[in-house]
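# Results of the structural survey
Chain by chain, the residues:
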Amino acid sequence: MNEKDRTIVPAGTLQDKVIIITGASQGVGLSAGYGFAKAGATVVICARRGAIVEAVAAEIEETGGRALGVECDVTNEESVKKLISITVEKFGRIDGLFNNAGVDTEKVALCDVAFEDWKYVHDVKIHGSFLTIKYAIPVMIANGGGAIVNNGSTVAHRAFTPAPYASSSQAAIIGLTKVAAATYAKDNIRVNMLTTGGILGIEREETAYEGMLEPILKTIPQGRMGRPWEDAQVAAWLLSDYASYVNGAEVAVDGAHLAGAGNAMIGR
Ligand SMILES: NC(=O)c1ccc[n+]([C@@H]2O[C@H](COP(=O)([O-])OP(=O)(O)OC[C@H]3O[C@@H](n4cnc5c(N)ncnc54)[C@H](OP(=O)(O)O)[C@@H]3O)[C@@H](O)[C@H]2O)c1
């Protein structure tokens, strides 16, 4: 087991499911690639940095898993259509989709955000998730159903003033999740979301926060940052048959950050 491969997902949890993971070149998506494959899934891992996801897929295959790395930009409709068609061509079906791609945003006050940047963040998060859903769901319907998990954020529920486009685009994920769940439940498709917060990337060590970590930890009642595999393993559960009656739900993976919102000033 390496540092990227720490998910606790029982073997067989995702047996024989074909699952697409977006934003799989680092962080949560990378952990999901290793973890879902270990749990029996065939994973199609995608990101703009195609060389990375291809190398990860090769590594998964070398250890007995089934994986395909695909270069894909979720903001580009043709690129998403290609991702879906390559998956169907190679594996014949799509059982799961983990919409995880996102961008780490500059910290800028609302009126100082450049319009291009505002649009780009929304393009990746909400339009990218819409596009993958738009083209994956017809395939899922054709193969009798499926499950989707959108990776959202705690900032959807509060005014994250340092990065207003994060709050706005993540809030839209709640609407997309609910409308997709309610529309396609009749087709045996479940759509849920993670309300993620405070996940420290595999690549980023705590020292990279340069003095920011202490104030962040004061807002997390569990008193520590989460790690990517702790997010990925909840996505695995939502994509699995163990969550067969969970639909349209938001699952917080945030060390009780939202539950304890407002407590920062008085300590944990
Ligand atoms: N980490 C946290 O504390 C936190 C908090 C709240 C919410 N979240 C949510 O959880 C998700 C994962 O978090 P993370 O920390 O693992 O993110 P991350 O480390 O920033 O990774 C983002 C991933 O998205 C990919 N990506 C970016 N733009 C893309 C595009 N246009 N098309 C396809 N892929 C694209 C990146 O790969 P390429 O650059 O190779 O394309 C990368 O693999 C985020 O999207 C966010 O919504 C995380």
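Everything that follows concerns the structure shown earlier in this document.
Summarised in this report is the structure supplied together with it. (Residues numbered from 1 in each chain as written. Predicted model: local features only at pLDDT ≥ 70, side-chain atom pairs only at ≥ 80, totals over all residues. Heavy atoms only, no water.)

### Considerations on helix H1 (residues 27–38)
Under the convention used in this document: Segments assigned H or I by DSSP are reported as helices when at least four residues long, segments assigned E as strands when at least two residues long, and all are numbered from the N terminus. Expected helix span is taken as 1.5 Å per residue step, with the number of steps being one fewer than the number of residues. Each residue gets one of three labels from its accessible area relative to the maximum for its type: buried under 20%, exposed over 50%, partly exposed in between, using a 1.4 Å probe on protein chains only. Note on contacts: a residue pair qualifies if any of its non-hydrogen atoms lie within 4.5 Å across the two residues.
Taking 1.5 Å per residue, 12 residues should reach 16 Å; H1 reaches 17 Å between its end C-alpha atoms and fits that length. Burial analysis of H1 places 11 of its 12 residues in the buried class, the great majority of the element. Within the span of H1, buried status applies to Gly27, Val28, Gly29, Leu30, Ser31, Ala32, Gly33, Tyr34, Gly35, Phe36 and Ala37. Buried-residue contacts for H1 involve strand E1 (18–22), strand E2 (42–47), helix H2 (50–62), strand E4 (96–99), strand E5 (146–153) and helix H7 (228–239).

### A word on the pattern of salt bridges
Applied cut-off: Salt bridge, as used here, is a side-chain nitrogen of Lys or Arg placed within 4 Å of a carboxyl oxygen of Asp or Glu.
In total, this model carries six salt bridges according to the counting rule given. One salt bridge connects Asp241 with Lys17, and the closest N-O pair in it is separated by 3.0 Å. In this pair, Asp241 is assigned in the loop between H7 and strand E7 (250–253) and Lys17 in the segment before E1, connecting sequence segments 224 residues apart. Classification of Lys17 by relative accessible area gives buried; the value is 15%. A salt bridge links Glu116 to Lys119, with the shortest nitrogen-to-oxygen separation between them at 3.5 Å. Here Glu116 and its partner Lys119 are both found in helix H4 (residues 115–142), three residues apart, which amounts to about one turn of the helix. In this structure Glu116 comes out as exposed when scored by relative accessible area, which is 54%. Residue classification places Lys119 among the partly exposed residues on the basis of a relative accessible area of 35%.

### A word on the side chain of Ser169
Considering the arrangement of structural elements, one finds Ser169 in helix H5 (residues 164–184). According to the relative accessible area criterion, Ser169 is buried, its value standing at 2%. Non-local contacts of Ser169, meaning those with residues more than four positions away in its chain, are made with Val121, His122, Lys125 and Ile126.

### A few points about the pairing of strand E3 (residues 66–71)
Rules: Being paired, for any two strands, means DSSP has found at least two bridges between them.
Of the strand pairs in this sheet, E2 and E3 are connected by six bridges, and their pairing is parallel. Within the sheet, the bridge partner assigned to Val43 lies in E3 and is Ala67.

### Some thoughts on the pairing of E5
For clarity, the threshold we go by: By convention, a crossover is right-handed whenever its connection, traced from the first strand over the helix to the second and viewed with the strands pointing away, goes clockwise.
Extensive coverage of E5 is indicated by the burial of eight of its eight residues. The alternating pattern of E5 places Gly146, Ile148, Asn150 and Gly152 on one face and Ala147, Val149, Asn151 and Ser153 on the opposite face, and all of these are buried. Of the strand pairs in this sheet, E4 and E5 are connected by four bridges, and their pairing is parallel. Note on E5: the bridge partner recorded for Phe98 is Val149. Handedness of the crossover joining E4 and E5 through H4 is recorded here as right-handed. Bridge count for E5 against strand E6 (residues 189–196) is eight bridges, and the pairing is parallel. Considered in E6, the bridge of Val149 is made with Asn192. In this region the chain leaves E5, passes through H5 and returns to the parallel neighbour E6; the handedness of that crossover is right-handed.

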